[in-house]
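Summary of the model geometry
Chain by chain, the residues run as shown.
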Amino acid sequence: MADRVRELEREIDELQRQLRQQNRNAETERQRMLSENRKAIENYQQDMKRAVREHDENAKKEYERLLRDYQRNIDKDIQNEVADMNSNYRKLLDDVKRSEQELERKNQELEAAVQSVRNDISKRNEGSSREAKEYLLNATGEFHEIEKKPHEKFMPKRLNIFYNAIKDGQMLYKAGLFEAATAVAISAKAGLERLGYNIDDKVLEWDRQYELFIMKLNYFSVQIQQELDDWEEFIDEKSKNNPELRKKHLIEINYWSKGEFAKLVQSMNRYRKIAAEIQKTGKDEYLKKPESANTDELKEYINDITRLSDSLSNFSDLYKLRYSTSCQRADWGENIIDFFSDEINLKWHEEMTGYRKVSEEALSSKDFKDYVKITFNDETVTEDTREWLKLVFENSSENMIYIYLVPVEAKNNVENRIIIHIDYGGAEQELYSRDIYQHVCEAVQCDSENSGIVNYAADINALKMNKNKSFSDTAKDLENMKKKS
């Protein structure tokens with residue numbers, strides 16, 4: 001039986017060598033297919049930066065397509081699809097599968113043979129003490145080689161099995177069961193070699209995901225920096241390497257994006273911190289840390305960065321529209337105040353005029369607090385310039401005239417609408433209401449007939465039922481204003 005163990009050792013060694021070569025051949029073929037994709041990405045790096053800077057959407061889409069293709073090609077679940085397109089690769093994979101099956105069968109046979117030798121205690125002192133010692137030393141050497149690999153990251157607790165097996169072999173050796181000790185050592189070494197190859201495969205897979213993670217992160221970082229540059233261009237205020245001004249612009253973007261931009265920057269910085277730690281520690285040492293990111297976590301990071309990048313693209317125009325429509329509301333408000341005060345001699349109630357009070361949730365948010373601090377240098381400000389602007393006038397008959405300049409968001413678009421309500425305290429005076437409507441249109445220079453910008457609301461209850469939340473909220477504010485007056 002001991003002879004059979006040695007014969008199986010030789011067969012398994014040959015199978016392992018054959019399998020390693022087949023895996024190398026398959027990997028070389030797969031690498032050849034991947035290399036074209038990777039080279040295209042590398043060649044596109046500079047053009048990608050230019051595309052982001054110049055807003056070349058076609059070039060950006062091409063770079064994103066290359067990244068998606070590379071991501072698909074490195075994921076293991078795509079191997080069969082790749083193989084279907086490449087007959088040589090399919091043949092190599094089939095050879096590997098057959099060798100793995102044969103190796104598994106031989107390993108099971110070896111385990112049975114080893115157990116048989118161990119159980120035959122009648123053969124005490126049979127076999128060579130020197131040979132048993134040599135085999136145990138070889139198994140121990142292989143064990144120490146595996147110890148250097150990130151075995152706990154990719155094959156947790158597996159090395160302990162072989163540690164116990166070697167200890168068991170040493171005990172058999174001390175008991176004079178040299179054949180049994182040799183058999184156990186042969187089995188342990190074969191298993192350790194197999195474990196080492198599996199760990200190497202896992203590390204290779206991790207390396208590819210890490211490479212893609214860095215590509216995605218670098219692309220997202222370029223997009224974030226370009227967003228700041230675009231904002232400076234949009235508001236015509238260049239920071240010119242002034243860190244304080246750059247910080248101010250970051251606060252502004254965060255305010256108009258309602259905190260979304262800061263979330264993206266925080267996520268980017270978190271991923272950059274991970275990348276910096278890996279670079280500083282070195283991949284080999286990093287993977288030995290229990291808290292290091294595994295392959296599945298890297299895939300999650302990659303997918304999250306893709307989601308964050310898409311999110312940035314989606315709200316990039318939206319927050320700029322919030323800003324520009326707020327500027328428009330301010331301009332319209334000044335024009336209406338000037339026109340109503342100077343042209344038609346209405347009394348303007350400045351103390352009742354202003355932007356909507358910030359919500360309790362927004363009041364405590366960092367984006368709001370940071371913005372009012374840098375903009376007004378006054379942390380007690382509670383008006384939200386992203387919301388409606390309310391103007392209040394009074395005519396000679398002591399009728400109160402309420403005008404709301406309301407931002408309406410829909411489908412990543414923002415447009416201003418104007419709502420007028422006159423508190424007659426009695427019957428509606430339609431002619432006067434129509435005059436006020438025309439005066440507002442004239443003040444903001446819009447088509448009174450077809451624009452839909454200016455809306456007269458005679459019935460507060462009807463306004464309260466409006467499907468547009470921005471409109472229905474003004475009805476609630478109107479009710480409160482009328483109660484106070």
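Every value quoted in this text rests on a predicted model; they were computed, and no experiment measured them.

Some words on the overall build of the chain
Of regular secondary structure, the chain possesses 17 helices and 6 strands. When the 485 residues of the chain are sorted by exposure, 46% land in the buried category. Taking all contacts inside the chain whose residues are at least 6 apart in sequence as the whole, residues at least 24 apart take part in 73%. Entry remark: accessible area of the chain is about 26300 Å², with carbon and sulfur atoms responsible for 46%.

Describing the pattern of salt bridges
Considering all chains together, one arrives at 33 salt bridges under this definition. Its salt-bridge partner being Arg65, residue Asp69 comes within 2.6 Å of it at the nearest N-O pair. Taken as a pair, Asp69 and Arg65 lie in helix H2 (residues 57-74) at a separation of 4 residues, close to a single helical turn. Of the residues examined, Arg65 reaches a relative accessible area of 34% and is grouped as partly exposed. For Glu237, the salt bridge identified is with Lys248, shortest N-O distance 3.2 Å. Taken together, the residues Glu237 in the loop between helix H8 (178-235) and helix H9 (243-256) and Lys248 in helix H9 connect sequence positions 11 residues apart. Lys248 sits in the partly exposed class, given a relative accessible area of 25%.

Describing the environment of Ile336
Looking at where Ile336 falls in the secondary structure, it is placed in helix H12 (residues 295-343). Separated by 103 residues in the primary sequence, Ile336 and His439 place their C-alpha atoms 8.4 Å from one another. Setting aside residues no more than four positions away along its own chain, Ile336 makes contact with Leu391, Phe393, Ile403, Leu405, Val440, Ala443 and Val444.

Some points on the nonpolar core
Counting 79 residues, the largest nonpolar core has Trp206, Phe213, Phe220, Ile224 and Tyr271 as the members making the most contacts within it. Here this core takes 23 residues from H8, the largest share from any one element. Phe213 has contacts with Tyr271, Ala275, Leu298, Tyr301, Ile302 and Ile305, leaving out every residue within four places of it along the chain. Within the second largest apolar cluster, 26 residues are counted, among which are Ile336, Ile337, Leu346 and Tyr355.

Here's the deal with the layout of surface pockets
Of the voids in this model, the second largest pocket is the one considered here, and its volume is about 540 Å³. Lining the second largest pocket are 24 residues, and of these Lys258, Arg356, Asp384, Arg386 and Glu387 lie nearest its centre. If you list the elements that add at least two residues to the lining of the second largest pocket, you get H12, helix H13 (360-363), strand S4 (400-410) and helix H17 (469-484). No other element matches S4, which puts 4 residues into the lining of the second largest pocket. Of the residues assigned to the lining of the second largest pocket, the class counts are 7 nonpolar, 4 polar and 13 charged.

Digging into the side chain of Ser257
Along the chain, the position of Ser257 falls in the loop between H9 and helix H10 (260-281). Take Ser257: its relative accessible area is 2%, and that puts it in the buried class. Ser257 has contacts with Phe315, Tyr319 and Arg322, leaving out every residue within four places of it along the chain.

Quick notes on the packing of H8 against H10
With their axes 10 Å apart at the nearest point, H8 and H10 run at an angle of 140 degrees to one another. In terms of orientation, H8 lies oblique with respect to H10. The way H8 lies across H10 gives a crossing that is left-handed. Taking contact as the criterion, the partners of Trp206, Tyr210, Phe213, Ile214, Leu217, Phe220, Ser221, Ile224 and Glu227 in H8 are, on H10, Phe261, Leu264, Val265, Met268, Tyr271, Arg272, Ala275 and Ile278. Looking at the contact of H8 with H10 residue by residue, the class counts come to 14 nonpolar, 1 polar and 2 charged.

Examining H17
With 16 residues, H17 should reach 22 Å at 1.5 Å per residue; the first-to-last C-alpha distance of 23 Å fits that figure. Buried positions along H17 lie against strand S3 (389-394), S4, strand S5 (413-423), strand S6 (454-456) and helix H16 (460-464). With a side-chain oxygen positioned 2.9 Å from the backbone nitrogen of Ser470, the residue opening H17 is Asn468.

Basis of the calculations
The residue numbering used here restarts from 1 in each chain and proceeds along that chain's sequence as written. It should be noted that, the model being predicted, local features are given only for residues of pLDDT at least 70 and side-chain atom pairs only at 80 or more, the latter also being counted only at that level, while totals for whole chains, interfaces and linings use all residues. Heavy atoms from the whole structure form the basis of all side-chain values; hydrogens and water molecules are not counted. Strands are runs of DSSP state E lasting at least 2 residues, helices are runs of H or I lasting at least 4, and numbering of each runs from the N terminus. The buried label applies to any residue whose accessible area, calculated with a 1.4 Å probe on protein chains only, is under 20% of its type's maximum; exposed applies above 50%, and partly exposed to all values in between. In what follows, residue pairs with any heavy atoms lying within 4.5 Å of each other are defined as contacts. In short, Shrake-Rupley with a 1.4 Å probe defines the accessible areas, and a residue's cover is counted only from the protein chains shown. We define a salt bridge as a contact between a side-chain nitrogen of Lys or Arg and a carboxyl oxygen of Asp or Glu at a distance within 4 Å. For this analysis, a nonpolar core means a set of buried residues of the types Ala, Val, Leu, Ile, Met, Phe, Trp, Tyr and Cys, connected via side-chain atoms within 4.5 Å. Grid points spaced at 1 Å and placed over the protein atoms alone form the basis of the search, with a cavity being a set where a 1.4 Å probe fits but cannot get out and a pocket an open set showing protein on both sides within 12 Å along at least five of seven lines. Lining residues have an atom within 4 Å of a point. Grid points are joined across faces, edges and corners, and a volume is the space filled by probe spheres set on the points. Gly is placed with the polar residues, together with every amino acid not listed as nonpolar (Ala, Val, Leu, Ile, Met, Phe, Trp, Tyr, Cys and Pro) or charged (Asp, Glu, Lys and Arg). To get an axis, fit a line to the C-alpha atoms, keeping to the stretch in contact for a helix; angles then go from 0 to 180 degrees between the N-to-C directions. In this scheme, roughly parallel covers angles under 35 degrees and roughly antiparallel covers those over 145, while 65 to 115 is roughly perpendicular and the rest are oblique. For a crossing to be left-handed, the near helix must be turned anticlockwise from the far one by less than a right angle; the clockwise case is right-handed. Here the expected span of a helix is defined as 1.5 Å times the quantity of residues minus one. Polar contacts, as used here, are pairs of N or O atoms within 3.5 Å; protein pairs need one atom able to donate a hydrogen and one able to accept it. Residues neighboring in sequence count only if both atoms are side-chain atoms.

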